[in-house]
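Report on the structure
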Amino acid sequence: MALRVAFRGRTGLPGLLSCSGHGRPSLSLTTQRNNSSSPKINVDYDQATGVAVMHMQSPPVNSLSLDFLTELCIGLEKLEMDKGCRGLIITSSQPKVFSAGLDILEMYGKSPERCGEFWKAVQEMWLKLYGSNMTTIAAINGSSPAGGCLMSLTCDYRIMADNPRYSIGLNETQLGIVAPFWFKDTMVNTVGHRNTELALQLGLLYKPAEALKIGLVDQLVPEDQVLAVATQTMTKWLTIPEHARQITKSMMRKPTLDKLRSNREADIQNFVSFITKDSIQKSLRMYMEMLKQKKA
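Numbers given for residues are sequential positions, taken from 1 along each chain in its written order. Where totals are concerned, whole chains, interfaces and linings use all residues; where local detail is concerned, this predicted model gives features only for residues with pLDDT of at least 70, and gives and counts side-chain atom pairs only at 80 or more. Hydrogen atoms and water are omitted, and side-chain values are computed over all heavy atoms in the structure.

Moving on, we get to the overall build of the protein. A run of DSSP states H or I qualifies as a helix once it reaches four residues; a run of E qualifies as a strand once it reaches two. Both are numbered from the N-terminal end. Helix and strand content of the protein: ten helices and eleven strands. The contact rule is simple, with two residues in contact once any of their heavy atoms fall within 4.5 Å. Pairs at least 24 residues apart make up 70% of the contacts formed inside the protein by residues separated by at least 6 positions. Here the accessible surface of atoms and residues is derived via Shrake-Rupley with a 1.4 Å probe, and residues count as covered only by protein chains that are part of the display. With the model as given, the accessible surface of the protein reaches about 13800 Å², and the carbon-plus-sulfur share is 56%.

In structure tokens, the structure reads:
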């Protein structure tokens, strides 16, 4: 499938130079598939500071569909190739939600081939974010269950809105799904083995204060200050010598990354075999029916 990337403001590429609100040169990047009506990802890149802000803008809840993941990965590739981009903040343009996680419609009633393509895209998103050379900060301005939580866990630092209506966690077992080993490993690396064991078996979703207590997030701030504080925090991180920080990050994360890299095909086959089981498809159907009843 053909892919299209649109840029504004980068030297040597078509488009006009735009400016940030502070008068600094910036780049606005959108990536989208040709069959999408509007971009699901928008990236504002401030060339003066070397910091990009990735806005997830896929209504209603930034579900991680194949199209969404493809756009996100294209955006990440473009930023990684720009040696001037040192920091990435990920946030949501949708009210009350960071990301609701994997799109159930990508897993229900689909062929094994389509499920495999989807899961490979999920893997790619995780590999690119968890292994990024950039400093990455999740500005979690809404609820972030399941795959949304995984996305935030890939970041170096997590700032969440201090709103008790929001929650975050890997709650896959509540849907009858098992979080794969690399979801588990990412959470163990963040909150420790015992907290992860409880969280994954029970499919726990944590309120912000609870998430802060176990280290699932690093900081809570008023909801209207999430992005501003993330920007301030990024400035502090970028004072660290880049090579030293990158080598340290790689040292900490490489074993976890290599574990998936050496088992990607087996992981895809395990997912496809599991998700296409009649019992799992039934669980997904029941969950979707429950959601429809709630909306009604």
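Attention shifts here to the environment of Cys149. Relative to the helices and strands, Cys149 resides in helix α3 (residues 147-153). We call a residue buried when its accessible area falls under 20% of the maximum for its residue type, exposed when it is over 50%, and partly exposed in between, using a 1.4 Å probe and counting protein chains only. You can call Cys149 buried: its relative accessible area is 0%.

Let us look at the pattern of salt bridges. By convention in these notes, a salt bridge is any Lys or Arg side-chain nitrogen within 4 Å of a carboxyl oxygen on Asp or Glu. Scanning the entire structure with this criterion turns up 14 salt bridges. Note that Glu242 is salt-bridged to Arg245, the shortest N-O span being 3.3 Å. Pair noted here: Glu242 and Arg245 are both in helix α8 (residues 242-261), with a separation of three residues, about one helical turn. Beyond isolated ion pairs, a larger network of salt bridges with shared partners links Glu77, Glu124, Lys128 and Arg264.

A separate point is the pairing of strand β4 (residues 41-46). Counting buried residues in β4 gives five out of six residues, a clear majority hidden from the surface. A pair of strands is treated as paired once DSSP finds two or more bridges between them. Across six bridges, β4 lies against strand β5 (residues 51-56) in antiparallel orientation. What sits directly across from Val43, in β5, is Met54.

Per-residue confidence for the protein gives a mean pLDDT of 88, with 88% of residues at or over 70. For residues 1-36, every residue scores under 50 in pLDDT, and the model assigns this stretch 90 contacts once sequence neighbours within four places are set aside. pLDDT: the predictor's confidence for each residue, scored from 0 to 100.

As a further point, take the packing of helix α4 (residues 181-191) against α8. Following both chains from N to C, one finds α4 and α8 inclined at 175°, their axes separated by 10 Å at the closest point. With respect to their mutual orientation, α4 and α8 come out roughly antiparallel. Between α4 and α8, the contacting residues are Phe181, Trp182, Lys184, Asp185 and Asn189 on the first element and Thr256, Lys259 and Leu260 on the second. To obtain each axis, a line is fitted to C-alpha atoms, and for helices this fit is confined to the stretch in contact; angles are then taken between N-to-C directions over 0 to 180 degrees. Roughly parallel means an angle under 35 degrees; roughly antiparallel, over 145; roughly perpendicular, 65 to 115; everything else is oblique.

The geometry of helix α2 (residues 112-130) relative to α4 is characterised by a closest axis approach of 12 Å and an angle of 25° between their N-to-C directions. One way to sum up the angle between α2 and α4 is to call them roughly parallel. By crossing handedness, the relation of α2 to α4 is classed as left-handed. In this structure, α2 uses Trp119, Val122, Gln123, Trp126 and Tyr130 to contact α4, whose residues at the interface are Trp182, Phe183, Thr186 and Asn189. Its residues assigned to classes, the contact of α2 with α4 comprises six nonpolar, three polar and no charged. Throughout, a crossing is termed right-handed when the near helix is turned clockwise from the far one, and left-handed when it is turned anticlockwise from it by less than a right angle. Only Asp, Glu, Lys and Arg are considered charged, only Ala, Val, Leu, Ile, Met, Phe, Trp, Tyr, Cys and Pro nonpolar, and every remaining residue, Gly among them, polar.

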